[in-house]
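Coordinate inspection notes
This is what each chain is made of:
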Amino acid sequence: MITPAFAQGAGATGGTDILVQVVPFILIFVIMYFLILRPQQRRAKDHQDMIKNVRRGDTVVTTGGIVGRVIKVTEAPEIEVEIAPNVQVKVVRTMVAEVRAKGEPVKAA
């Protein structure tokens, strides 16, 4: 049924068949890296920098949608935010989604 020439030819191209099957997966991974993973890492780094630079007087928006002014910043993972006159809440730093307005500069000691 199968001629010897055809059987020998199929064995010779076996090495390139694997390459042809693997190259699309490599291309898909490279495309996913540049379109999805790299921008996500950049956004995460920018968010960490923003959280680290929050200071008193900044107007912040939490991930829950609460807008308030930062009253107290400590090294702890929480900050105190005033959401209404005489209403202060503690907010975990990582839950700050956006810093809308910068506050007063840090006073030199």
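Residues numbered from 1 in each chain as written. Predicted model: local features only at pLDDT ≥ 70, side-chain atom pairs only at ≥ 80, totals over all residues. Heavy atoms only, no water.

Quick notes on the UniProt feature "transmembrane region" (unreviewed entry) in the chain
When the UniProt feature table is mapped onto this chain, "transmembrane region" (unreviewed entry) is found at residues 18–37. Strand forms 0% of residues 18–37 and helix 100%; the C-alpha atoms that close the span are 27 Å apart. (UniProt positions renumbered as here; feature names shortened; annotations may be inferred. Helix = DSSP H or I, 4+ residues; strand = E, 2+ residues; numbered from the N terminus.)

Some thoughts on unusual backbone geometry
A positive phi angle is found at Asn-86, which is not glycine, with a value near 60 degrees. Relative to the assigned elements, Asn-86 resides in the loop between strand S3 (78–84) and strand S4 (87–92). Taking relative accessible area as the criterion, Asn-86 reaches 76% and is therefore assigned exposed. (Buried < 20%, exposed > 50% of the residue type's maximum accessible area, 1.4 Å probe, protein only.)

With respect to the sheet that holds strand S2 (residues 67–73)
Sheet strands associate in pairs through backbone hydrogen bonding, adopting either a parallel or an antiparallel arrangement. Taking strand neighbours across the sheet as the criterion, the five strands line up as S4-S3-S2-S1-S5 in an open arrangement whose pairing is antiparallel. Edge strands, defined here as strands with exactly one partner in the open sheet, are S4 and strand S5 (96–101). Neighbour to neighbour, the strand axes of the sheet diverge by 45 degrees on average, direction disregarded. Pairing of strand S1 (residues 59–62) with S5 involves four bridges; the strand directions are antiparallel. Looking at S5, one finds that Val-60 is bridged to Val-99. (Pairing = 2+ DSSP bridges. Axes fitted to C-alpha atoms, helices over the stretch in contact; angles between N-to-C directions.)

A few points about the nonpolar core
The tendency in soluble globular proteins is for nonpolar side chains to be buried side by side. Formed by Val-54, Val-60, Val-70, Ile-79, Val-81, Val-91, Val-96 and Val-99, the largest nonpolar core amounts to eight residues. Discounting chain neighbours no more than four positions away, the residues touching Ile-79 are Val-54, Val-70, Lys-72, Val-73, Val-89, Lys-90, Val-91, Arg-93 and Val-96. (Core = buried A, V, L, I, M, F, W, Y, C linked by side-chain atoms within 4.5 Å. Contact = heavy atoms within 4.5 Å.)

Side note on the environment of Arg-100
Mapped onto the elements, Arg-100 comes out in strand S5. Look at Arg-100 and you get exposed, because its relative accessible area is 55%. When the C-alpha atoms of Arg-100 and Gly-68 are compared, they prove to be 9.8 Å apart, with 32 residues separating the residues in sequence. Not counting the four nearest positions on each side in its chain, Arg-100 is found in contact with Thr-59, Val-61 and Val-67.

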